[in-house]
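Reading the structure
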Amino acid sequence: MPKAKISPDIRKGAEALATLAAEGTTLCNLWPTLGLWEVEKADGRRYIIDPGEGTCTCPAGKHNHTCKHLRAVWLLEKVLG
Ligand SMILES: [Zn+2]
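My aim in this report is to walk through the structure given alongside it, one point at a time.

What counts as what
Residues numbered from 1 in each chain as written. Predicted model: local features only at pLDDT ≥ 70, side-chain atom pairs only at ≥ 80, totals over all residues. Helix = DSSP H or I, 4+ residues; strand = E, 2+ residues; numbered from the N terminus. Rg over C-alpha atoms; globule rule 2.2 N^0.38 Å. Buried ≥ 20, exposed ≤ 12 C-beta atoms within 10 Å, placed from the backbone. Contact = placed C-beta atoms within 7 Å. Expected span 1.5 Å × (residues − 1). Pairing = 2+ DSSP bridges.

This part is about the overall build of the protein. Assigned secondary structure in the protein consists of three helices and four strands. Written out in order from the N terminus, the α and β elements of the protein read α-β-β-β-β-α-α. At 13 Å, the protein has a C-alpha radius of gyration in line with the 12 Å of a compact globule built from 81 residues. Counting only C-alpha atoms, the protein reaches 45 × 30 × 20 Å along its principal axes. Within the protein, the fraction of its 81 residues that count as buried is 22%. A sequence separation of at least 24 residues applies to 29% of the contacts in the protein between residues at least 6 apart.

This is the structure:
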């Protein structure tokens, strides 16, 4: 079996996706032409993610933290190409 190296970015993205799935959060490629994504949490709160700018409107993202939403979207864009 060939071994594949998993980069830290991919690992963090996968962890973020697993966390979001466990929380019941959904991700939506909201406006593909603008490159924006939306997450909706189980409690109905929504945040907008701009992976190109590296921003997210969630509380962590507003403080310029690289939040799990951003990591998850970066991975999805890499996978979906
Ligand atoms: Zn966020």
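Next up on the list: helix 3 (residues 68–80). Counting along an α-helix, one turn takes 3.6 residues, and residues three or four places apart therefore face a common direction. Helix length check: helix 3, at 13 residues, gives a terminal C-alpha distance of 18 Å against a target of 18 Å (1.5 Å per residue), a fit within 8%. Taken together, the buried positions of helix 3 are occupied by Lys 68, His 69, Leu 70, Arg 71, Ala 72, Val 73 and Leu 75. If you follow the buried residues of helix 3, they end up packed against helix 1 (8–23), strand 1 (26–31), strand 2 (36–40), strand 3 (46–50), strand 4 (55–56) and helix 2 (59–62). Looking at the residues trailing helix 3, positive phi occurs at Gly 81, about 70°.

Relative to strand 2, strand 1 is paired through four bridges, and the arrangement is antiparallel. The residue of strand 2 that forms the bridge with Cys 28 is Glu 38.

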